[in-house]
Amino acid sequence: MYGQSLVISEVRLTPVLVADPPLLNTQGVHQPYTPRLIIEVVTEGGVTGVGETYGDGKYLELARPFAAGLVGRAVSDLNGLFTLADDVAVNAARVDAAVDVGGLRGVQTADKLRLSVVSGFEVACLDALGKALGLPVHALLGGKVRDAVEYSAYLFYKRAEHPAGTVSEPDDGWGAALDPAGIVAQARLFTERHGFTSFKLKGGVFPPDEEIAAVRALAEAFPGAPLRLDPNGAWSVETSLKVAGEIGDVLEYLEDPALGTPAMAEVAAGASVPLATNMCVTTFEEIPEAFAGDAVQVVLSDHHYWGGLRRTRELAAVCRTFGVAVSMHSNTHLGISLAAMTHVAATVPDLRHACDSHYPWQSEDVLTERTRFVDGRVAVTDTPGLGVELDRDKLAALHARWLDDGFRALRERDDAAAMRVTDPRWVAPAAPRW
Ligand SMILES: O=C([O-])[C@@H](O)[C@@H](O)[C@H](O)[C@@H](O)C(=O)[O-]
Ligand SMILES: [Mg+2]
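In the nomenclature of an unreviewed UniProt entry, the protein corresponds to glucarate dehydratase from the organism Streptomyces alfalfae. The Sequence similarities (unreviewed entry) field of the UniProt record for the protein holds the comment "Belongs to the mandelate racemase/muconate lactonizing enzyme family. GlucD subfamily." Quoted verbatim from the Pathway (unreviewed entry) field of UniProt, the annotation for the protein is "Carbohydrate acid metabolism; D-glucarate degradation; 2,5-dioxopentanoate from D-glucarate: step 1/2."

In structure tokens form, the structure reads like this:
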């Protein structure tokens, strides 16, 4: 295989809209469809590598010029991706350093926007390189240190269905989960379907006492199971400390109880439960303040916005140096990203917490085969590249849905807009909400 040209001759960008259930968070509710971008790089040697990243307009507008600059470069030139990205201009109107600008995923700096695009291309290049060399992606990252990666069940408060007339797919089969009993029932479904043994509840939806009751109900139903609660910064320091005091005994960690590093540091100083984040530490620039202030004990990396799989390993090394744990955040994603997450997670030696994944909520994918969780784990494949295969018909169908979204109502994820369909007065609440 090796000896063939690794030079990129073509890059294909395919935005898609993927079905998403009515999952609730502090901003609102998920829309019926959510945007993702599928990236393909094709080498002169005839190998195609695939990657995936966020698909909203702010990412697409960067991915297009980036893709044009990639042609003629080698898929092995991974460091070059970052220099190429430096030349992609970011619209100043998109840039905002407020930690809650995007609502749920921290700051939106120009660099983070660029990295969120680079990551999809890096994964596609690694996939192509691995296929050309006959090596799995984890081998290109130094080799796996485990044969399977553990994920946690990602529990959401959830409506039974999207508002009438907004979806054409059949009922998603999960039902509603709007109280402790509903959350426990959902957790049982997760264990039956996928064998998960740790659980994360997306909070910030109902007043804290109701979410405390849901966590207590989970602890009773699954004694000893690692539990987490993540209100996405919806609580004040005082409320965070109250919740930590009440359920800290059953929590593995509390995720982003309060918004921003100073508030997290105050909570951390007064709570005995570790704090995790995918909101106040989402870039390397945010690390010094957070670590110096002991604001977080677990950083939840998201390879999409940290700049890819090799940057994720760099983050893990920095965290290790400072005695901070690392695990993985997830947003709505497809099987390409699940494969990418699994390869990199397989190479991080000190991964002590099960990673997050939204994947069980996605009934659709662009792959020929869905990735399976067995006992809550995804097996690390030794197949060259990522070990996944694109299903062109499925890709075309999800792209057609994106094209059909003539009013562009769904091409930008907007959980508050989805909430307004049933509650016209809804505005995303200011933090702290409680
Ligand atoms: O999809 C959601 O509703 C989540 O709240 C997501 O957007 C978050 O980014 C994420 O899962 C988290 O852990 O904060
Ligand atoms: Mg989170």
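A. Representation of the site of ligand 1. In the neighbourhood of ligand 1, 17 residues make up the surrounding shell, with N25, H30, Y154, K200 and N232 lying closest. D230 places a side-chain nitrogen or oxygen 3.0 Å from an oxygen atom of ligand 1. R413 has a polar side-chain atom sitting 3.1 Å from an oxygen atom of ligand 1. Protein chains bury 100% of the 340 Å² of accessible surface belonging to ligand 1 in isolation. Structurally, ligand 1 is housed in the largest cavity. Elements with a contribution of two residues or more to the shell around ligand 1: β7 (153–156) and β8 (199–202). For the shell around ligand 1, the domains that each give at least three residues are domain 1 (8–138 + 391–404) and domain 2 (142–379).

B. Local environment of the packing of helix α1 (residues 57–70) against helix α3 (residues 110–133). At a minimum axis separation of 9 Å, α1 and α3 run at an interaxial angle of 55°. When the interaxial angle is binned, α1 and α3 end up oblique. Considering how the two elements wind past one another, α1 and α3 form a crossing that is right-handed. Residues K58, Y59, L62, A63, F66, A67 and L70 of α1 form the contact with α3, whose own contacting residues are L113, R114, S116, V117, V118 and F121. Tallied by class, the residues present in the contact of α1 with α3 amount to 10 nonpolar, 1 polar and 2 charged.

C. Summary view of the coordination of the magnesium ion (ligand 2). At the metal site, the magnesium ion (ligand 2) is ligated by D230 (OD), E255 (OE) and N278 (OD1), and these contacts range over 1.9 to 2.2 Å. Each donor residue of the magnesium ion (ligand 2) lies on one chain, and together they are spaced D-x24-E-x22-N. With D230 in strand β9 (residues 227–230) and E255 in strand β10 (residues 251–255), this residue pair connects regions lying 25 residues apart in the sequence. Classification of E255 as buried rests on a relative accessible area of 0%.

D. Inspection of empty space enclosed by the protein at higher detail. Scanning the model with the defined rule gives 4 cavities of 30 Å³ or more in all. Computed from the structure, the largest cavity encloses a volume of approximately 80 Å³. Taken together, 13 residues make up the lining of the largest cavity; nearest its centre are L104, Y154, K202, N331 and H358. A per-class count over the lining of the largest cavity returns 3 nonpolar, 8 polar and 2 charged. Residue-level mapping places the lining of the largest cavity at the junction of two domains, with at least three residues from each of domain 1 (8–138 + 391–404) and domain 2 (142–379). Among the elements that take part in the lining of the second largest cavity, strand β4 (residues 33–43) stands out by supplying 3 residues, more than any other. Of the residues that constitute the lining of the second largest cavity, the class distribution is 2 nonpolar, 3 polar and 4 charged.

Rules used throughout
Per chain, residues are indexed from 1 in the order of the written sequence. Lettering of chains starts at A and numbering of ligands starts at 1, both following the order in which they are written. Totals for whole chains, interfaces and linings use all residues, but because this is a predicted model, local features are given only for residues with pLDDT of at least 70 and pairs of side-chain atoms are given and counted only at 80 or more. Hydrogens and water are ignored here; the side-chain numbers use all heavy atoms of the structure. UniProt positions are given in the numbering used here, feature names are shortened, and annotations may be inferred rather than shown by experiment. The rule for a residue being near a molecule or strand is that one of its heavy atoms must lie within 4 Å of it. By the criterion applied in these results, polar contacts are pairs of N or O atoms within 3.5 Å in which, for protein atoms, one can donate a hydrogen and the other can accept it, and in which residues neighboring in sequence qualify only through two side-chain atoms. Reported accessibility uses the Shrake-Rupley method at a 1.4 Å probe radius. Residues are deemed covered only where the shown protein chains occlude them. Space inside and on the surface of the protein is sampled on a 1 Å grid over the protein atoms alone, with a cavity defined as a set of points where a 1.4 Å probe fits but cannot get out and a pocket as an open set with protein on both sides within 12 Å along at least 5 of 7 lines; lining residues have an atom within 4 Å of a point. A molecule is said to be in a cavity or pocket once over half of its atoms fall within 2 Å of that pocket's grid points. Numbering of helices and strands starts at the N terminus; helices are DSSP runs of H or I of at least 4 residues and strands are runs of E of at least 2. The split into domains, and so the bounds of each, comes from an automatic or database assignment of domains. Between N-to-C directions, angles cover 0 to 180 degrees, with each direction set by a line fitted to C-alpha atoms, over the stretch in contact for helices. Every angle not falling under 35 degrees, over 145, or within 65 to 115 is termed oblique; those three ranges are roughly parallel, roughly antiparallel and roughly perpendicular. Here a crossing is taken to be left-handed if its near helix is turned anticlockwise relative to the far helix by less than a right angle, and right-handed if that turn runs clockwise. Note on definitions: a residue-residue contact is assigned when non-hydrogen atoms from the two residues lie within 4.5 Å. When residue character is reported, Ala, Val, Leu, Ile, Met, Phe, Trp, Tyr, Cys and Pro are called nonpolar, Asp, Glu, Lys and Arg charged, and the others, Gly included, polar. Water is absent from the atoms considered, so a metal site may look incomplete; donors are defined as N, O and S atoms within 2.8 Å of the metal, or 3.2 Å for Na, K and Ca. A simple rule labels every residue: compare its accessible area, found with a 1.4 Å probe on the protein chains alone, to the largest value its type can have, and call it buried under 20%, exposed over 50%, or partly exposed in between. Grid points are joined across faces, edges and corners, and a volume is the space filled by probe spheres set on the points.

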